[in-house]
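# Coordinate analysis (summary)
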Amino acid sequence: MSKSTKTTSKQAKGYAGMTGADLFHKMLLAEGVEVLFGVPGGALLPIFDSLYETPIKFVLTRHEQGAAHMADGYARSTGKVGVCIATSGPGATNLVTGLATAYMDSVPMVAITGQVTSALIGNDAFQEADTTGITRPVTKHNMLIKRAEDIGRAVREAFYIARTGRPGPVLIDIAKDATSNILSEEPDLETNLPGYKPMLTGHIRQVKAAAEAINASKQPVLYVGGGVIISEASDILNKVAHRGNIPVTTTLMALGAFDESDPLALQMLGMHGTAAANYAIQECDCLIAVGARFDDRVTGKVETFASHAKIIHIDIDPTSISKNVKADIPVVGDAKDILEKMLPMIKSKGRKDWLGQIAKWKKAYPLHYDTGPKIKPQQVIESVGRLTDHDAIITTGVGQHQMWAAQFYGWRKPRQFLTSGGLGTMGFGLPAAIGAQFGNPGKTVIDIDGDGSFSMTMGELVTAVHYNQPVKVVVLDNCYLGMVRQWQEMFYERRYSATEHPCPDLSLIAEAFGAKGIRATDPGDLDDAINEMLKHDGPVVLAASVEPEENVFPMVAAGKSLHEMDMGRLV
Amino acid sequence: MKHVITALVQNTSGVLAHVAGMIAARGFNIDSLVVGRTEDPELSRMTVVVVGNEHVLEQIRKQLEKIITIVRVRDFKEIDYVERDLMLVRVSAPPEKRAEVVELVNLFRGRIVDVARQSLTVELSGPEAKLEAFVDMVKPYGIRELARTGIIAVQRGEQRAKERNEKENS
Ligand SMILES: Cc1ncc(C[n+]2csc(CCOP(=O)(O)OP(=O)(O)O)c2C)c(N)n1
Ligand SMILES: [Mg+2]
């Protein structure tokens, strides 16, 4: 990556005389946008008029939050920039949750919002909101465009910023008159970003220092975060791990970056991670963090996290390094580039004792649950994993079902698991699945959801029906806001305050929306129900009535150290 | 510990709000923040005085660099620099006390920029410590109004500012 601050100079030709909206439309096409999710409104009328006959697939959603999550699911599953559009005022404020979700998980997205006519900005006009002010803390960058001539440059900057460096959502707020006005001259399309220098290549001296520390270590662990998926570094990670015989644990965001059927896999770490992963972290003498950010849900009590280890931290975002845990060897840059440089420096090692110890932990403390007369939620996930050959794209809501999905599906490939990790947004699952389905026609896309989370955005089921997107939804129906209930059970003497909620038959709701609805209540019927769902060529909601008071284990209580896990009923 | 950080920023709307918002959201403790034009009409310079340890300084510098419209950040941690703070202060100075106040102003090489029957307005610039010492001295006479610009700073001579990003990588 060159250090130049300007992208290739674009001499605009033939744009004079068209409207700002037409220029905007042309710029989206030039960026290769295939699908656009959103809801129209007054401030967007010129733009929607220009989109009237567009080759871009426009997806009308039920709610702007849905549009943002769809763009997000599309982006996470394909690696391309997802695009959503909303009108001024309430349209823009409805996007905020989706932007914050994408921002926390570094998802490349461009959001376009209409704004009132430039002369009215600041006057509390009808449907005016200070959109750039509201969204500044939840976007990588945003801009307010008041002149038609600036639209082209803004779109190019937005896509460039969204997908480079540490990706993230970029918002362009466009005043209505900027889209209706006619360009009197050729616009300057050249980006002007003197302060934006995404650092991509890792410094060789730091890479060497890291490799030496790894070679000198006896008990190393690779702690892999979502950055590995974003930088498409899974293959090279696999090579580094195998060459050095280094066990690998993945964060929630990185599930799929390392095949869990590999003997070196420790699966997920952290609050609901496996015992083997958490013990390995606490015992390791060298921790290699790659594209991870030492989130508190991962580290537990931060003072005791990997306290015997030399810490190598590879990350593209310098602000992530030494933010929560001090790095002994920081390496700033793109994970793939750095791991590629590192591979030939890694000495091949047996590490018999260390791998032997890890094998013992895995054997002694496997992920586990008991079966019973009712369907167990973990059982549903295991069956879905088995019956889809561990090959489906899975999205989730937030709660217990999300953790069980993470623990029991059996992850094989990057971009297979799409979940709101950083913000923890209930309602993400269904719209993200629809977005992923648009990006992956023909693939099986399943939203593993909770009854509470699903209710938050289930209106988008209509969108799936409208556009014939055959997404599947498996609801682990426990009639509880289960994760909150679990904390109340464990830490608040079972005082279930506002966690029990009415439990409508979601399979009937699905039918009313024009999708297929299935309900499963008996463990013996579970596989058939899942197969029936998978076979149906269209959207399906499978509501599985599960054991309502099942808990997620292992669990590291908030503020505890990783090795102080509660294993549940197992031990 | 106080640290001085300066940033060259693009003159776009919202850049000040962005910096202020980031500082508030991340709970950084700042002493002052000054923005002014530079020789380049497209760029302004911000000077931020941060209170905190090395870790805080490091984070705030990196977070500033992350803002797209911020072109360059430098901290004066290991380089010699000149700092100035400008103060305007209106001090009570009835005729019988005026001579004493004027003497103090002269001792501090301040300038009297306005004279009224009961007060004097003084302009004083310099490093923070000097301004504070002056304030201490004139307090007994009664301070009616006081305004300060906050610190601005530039490096001394031709030394090279530490580009910490490069150091991290080398
Ligand atoms: C938008 C939003 N509101 C509230 C929360 C807090 N919260 C976290 S988990 C949870 C319960 C989720 O219930 P459900 O979707 O049924 O999943 P379960 O835990 O029962 O599997 C709640 C309310 C959240 N994460 N997101
Ligand atoms: Mg539930």
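This part covers the packing of helix α11 (residues 275-283) of chain A against helix α14 (residues 352-364) of chain A. Each pair of packed helices gets described by two things: the angle between the helix axes and the distance between those axes. Residue and element names in this part refer to chain A. At a minimum axis distance of 9 Å, the contact between α11 and α14 shows a crossing angle of 145°. Considering the relative orientation of α11 and α14, their crossing is right-handed. Along its contact with α11, which presents Ala 276, Tyr 279, Ala 280 and Glu 283, the element α14 presents Trp 354, Ile 358, Trp 361 and Lys 362. Residue composition of the contact of α11 with α14, by class: 6 nonpolar, no polar and 2 charged.

On to the coordination of the magnesium ion (ligand 2). Residues and elements named next belong to chain A. Bound to the magnesium ion (ligand 2) on the protein side are Asp 451 (OD), Asn 478 (OD1) and Tyr 480 (O), at distances that span 2.0 to 2.2 Å. Along the chain, the residues donating to the magnesium ion (ligand 2) fall in the pattern D-x26-N-x1-Y. There is no split in this pair, since Asn 478 and Tyr 480 are both buried.

Bringing the environment of Met 104 of chain A into the picture now. Residues and elements named next belong to chain A. Position of Met 104 relative to the elements: it lies in helix α4 (residues 90-104). Sequence separation of Met 104 and Met 555 is 451 residues, and the distance between their C-alpha atoms is 23 Å. The contact partners of Met 104, leaving out residues within four places of it in the chain, are Arg 166, Arg 293, Gly 422 and Leu 423.

In this complex, chain A contributes 23 residues to the contact, which on the side of chain B involves 19 residues. Together chain A and chain B conceal approximately 1,900 Å² of surface at their shared face, both sides included; 52% is due to carbon and sulfur atoms. Looking at the side of chain A facing chain B, the largest losses of area belong to Arg 136, Gly 195 and Thr 319 of chain A, adding up to 27% of the total buried there. Seen at the junction of chain A and chain B, the total is 1 salt bridge. Counting across the chain A and chain B interface gives 9 residue pairs in polar contact (both at pLDDT 80 or more). Among the elements of the structure, α8 (204-216) and β12 (329-332) of chain A are those that each provide at least two residues to the side of chain A that touches chain B.

Right, let's get into the domain arrangement of chain B. Residue and element names in this part refer to chain B. Segmenting chain B into domains produces domain 1 (2-79) and domain 2 (82-152). Averaged C-alpha coordinates put domain 1 and domain 2 at centres separated by 29 Å. Taken residue by residue, the interface counts 7 residues in domain 1 and 6 residues in domain 2. Between domain 1 and domain 2, roughly 430 Å² of surface is buried when both sides are summed, and carbon and sulfur atoms account for 60% of that area. When the area that domain 1 buries against domain 2 is broken down by residue, the three leading residues are Lys 2, Val 34 and Thr 47, summing to 60%. Salt-bridge contacts for Glu 128 lead to Lys 2; the nearest nitrogen and oxygen are separated by 3.1 Å. Linking domain 1 with domain 2 are 1 residue pair in polar contact (both at pLDDT 80 or more). Of all the secondary structure elements, the ones that give two or more residues to the side of domain 1 that touches domain 2 are β1 (2-10), β2 (29-37) and β3 (43-51).

We now examine the site of ligand 1. Residues and elements named next belong to chain A. Not every one of the 17 residues close to ligand 1 is listed here, only the nearest: Gln 400, Asp 451, Ser 453, Gly 482 and Met 483. Here an oxygen atom of ligand 1 and a backbone polar atom of Gln 400 are 2.8 Å apart. Expressed as a share of its isolated accessible area of 590 Å², the protein-covered part of ligand 1 is 76%. Those elements that place two or more of their residues in the shell around ligand 1 are α16 (400-408), α18 (451-457) and α20 (482-491). Sort the elements by how many residues they give to the shell around ligand 1 and α18 lands first, with 4 residues.

For the rest of this paragraph, the subject is the pairing of strand β5 (residues 141-145) of chain A. Residues and elements named next belong to chain A. For β5, the tally of buried residues reaches 4 of 5 residues, placing the bulk of the element in the interior. Here β5 runs beside strand β6 (residues 169-175); their pairing, made up of 5 bridges, is parallel. Paired with Ile 145 across the strands is Ile 174, a residue of β6. At this point the chain moves from β5, through helix α6 (residues 151-163), to the parallel β6, and the crossover so formed is right-handed.

A complete count under the given rule lists 18 aromatic pairs over all chains for this structure. For the pair Phe 76 of chain B and Tyr 81 of chain B, a centre-to-centre distance of 4.9 Å together with 20° between the ring planes defines the contact as stacked. By relative accessible area, which is 6% here, Phe 76 of chain B ends up buried. Aromatic ring contacts, followed pair by pair, group Phe 37, Tyr 74, Phe 438 and Tyr 467 of chain A into a single cluster. If you follow Arg 485 of chain A out to its NZ or CZ, it ends over the ring of Tyr 480 of chain A, 5.4 Å from the centre.

A word on the sheet that holds strand β8 (residues 248-250) of chain A. All names here are of chain A. Overall, parallel pairing links the 6 strands, which are arranged β9-β8-β7-β10-β11-β12 in an open sheet. Each edge of the open sheet carries a strand with a single partner, namely β9 (265-268) and β12. Along the sheet, successive strands turn relative to each other by an average axial angle of 15°, direction set aside.

Glancing now at the sheet that holds strand β17 (residues 516-520) of chain A. Residues and elements named next belong to chain A. Across the sheet, which stays open at both edges, the 6 strands sit in the order β14-β13-β15-β16-β18-β17 with parallel pairing between neighbours. Two strands close off the open sheet at either side, each with one partner strand: β14 (417-418) and β17. Packed on one face of the sheet, α16 meets β13 (393-396), β14, β15 (445-450) and β16 (472-477) and runs near 135° to β15.

Another aspect to go through is α20 of chain A. Residue and element names in this part refer to chain A. All of the buried residues along α20 are Gly 482, Met 483, Arg 485, Gln 486 and Gln 488. Buried residues belonging to α20 abut α16. Immediately downstream of α20, the backbone of Glu 493 shows phi near 50°, a positive value.

Averaged over all residues, the pLDDT of chain A is 96; the fraction at 70 or higher stands at 97%. Between residues 1-9 of chain A, whose pLDDT stays under 50, and residues either more than four places distant or in other chains, the model counts 16 contacts.

It is worth spelling out the domain arrangement of chain A at this point. All names here are of chain A. Splitting chain A by domain gives domain 1 (20-180), domain 2 (204-364) and domain 3 (377-560). Spacing between the C-alpha centres of domain 1 and domain 3 amounts to 29 Å. Listed by partner, the interface residues are 26 residues for domain 1 and 26 residues for domain 3. Contact with domain 3 buries area across many residues of domain 1, yet Arg 62, Arg 76 and Ser 77 alone supply 27% of it, more than any other trio. Where domain 1 packs against domain 3, one counts 0 salt bridges.

Let's shift gears to α6 of chain A. All names here are of chain A. Here α6 is 13 residues long and its end C-alpha atoms lie 19 Å apart, about the 18 Å a rise of 1.5 Å per residue gives. With respect to burial, α6 is a largely interior element, 12 of its 13 residues being buried. If you check which residues of α6 are buried, you get Ile 151, Gly 152, Arg 153, Ala 154, Val 155, Arg 156, Glu 157, Ala 158, Phe 159, Tyr 160, Ile 161 and Ala 162. Where α6 is buried, its residues contact α1 (20-30), β3 (82-86), β4 (109-115), β5, β6 and α7 (176-180).

Procedures and definitions
Residues numbered from 1 in each chain as written. Chains lettered and ligands numbered in written order. Predicted model: local features only at pLDDT ≥ 70, side-chain atom pairs only at ≥ 80, totals over all residues. Heavy atoms only, no water. Axes fitted to C-alpha atoms, helices over the stretch in contact; angles between N-to-C directions. Helix = DSSP H or I, 4+ residues; strand = E, 2+ residues; numbered from the N terminus. Left-handed = near helix turned anticlockwise from the far one by under 90°. Contact = heavy atoms within 4.5 Å. Nonpolar A, V, L, I, M, F, W, Y, C, P; charged D, E, K, R; others polar. Donors = N, O, S within 2.8 Å, 3.2 Å for Na, K, Ca; no water. Buried < 20%, exposed > 50% of the residue type's maximum accessible area, 1.4 Å probe, protein only. Buried area = accessible area lost by both parts, 1.4 Å probe. Salt bridge = Lys/Arg side-chain N within 4 Å of Asp/Glu carboxyl O. Polar contact = N/O pair within 3.5 Å; in protein donor to acceptor, adjacent residues only side chain to side chain. Domains from an automatic or database assignment. Near = heavy atom within 4 Å. Areas by Shrake-Rupley, 256 points an atom, 1.4 Å probe, with all protein chains shown as cover. Pairing = 2+ DSSP bridges. Right-handed = clockwise from strand over helix to strand, strands pointing away. Phe/Tyr/Trp six-rings, centres within 6.5 Å; stacked < 30°, edge-to-face > 60°. Lys NZ or Arg CZ within 6 Å of the ring centre and 35° of its normal. pLDDT = per-residue confidence, 0-100. Expected span 1.5 Å × (residues − 1).

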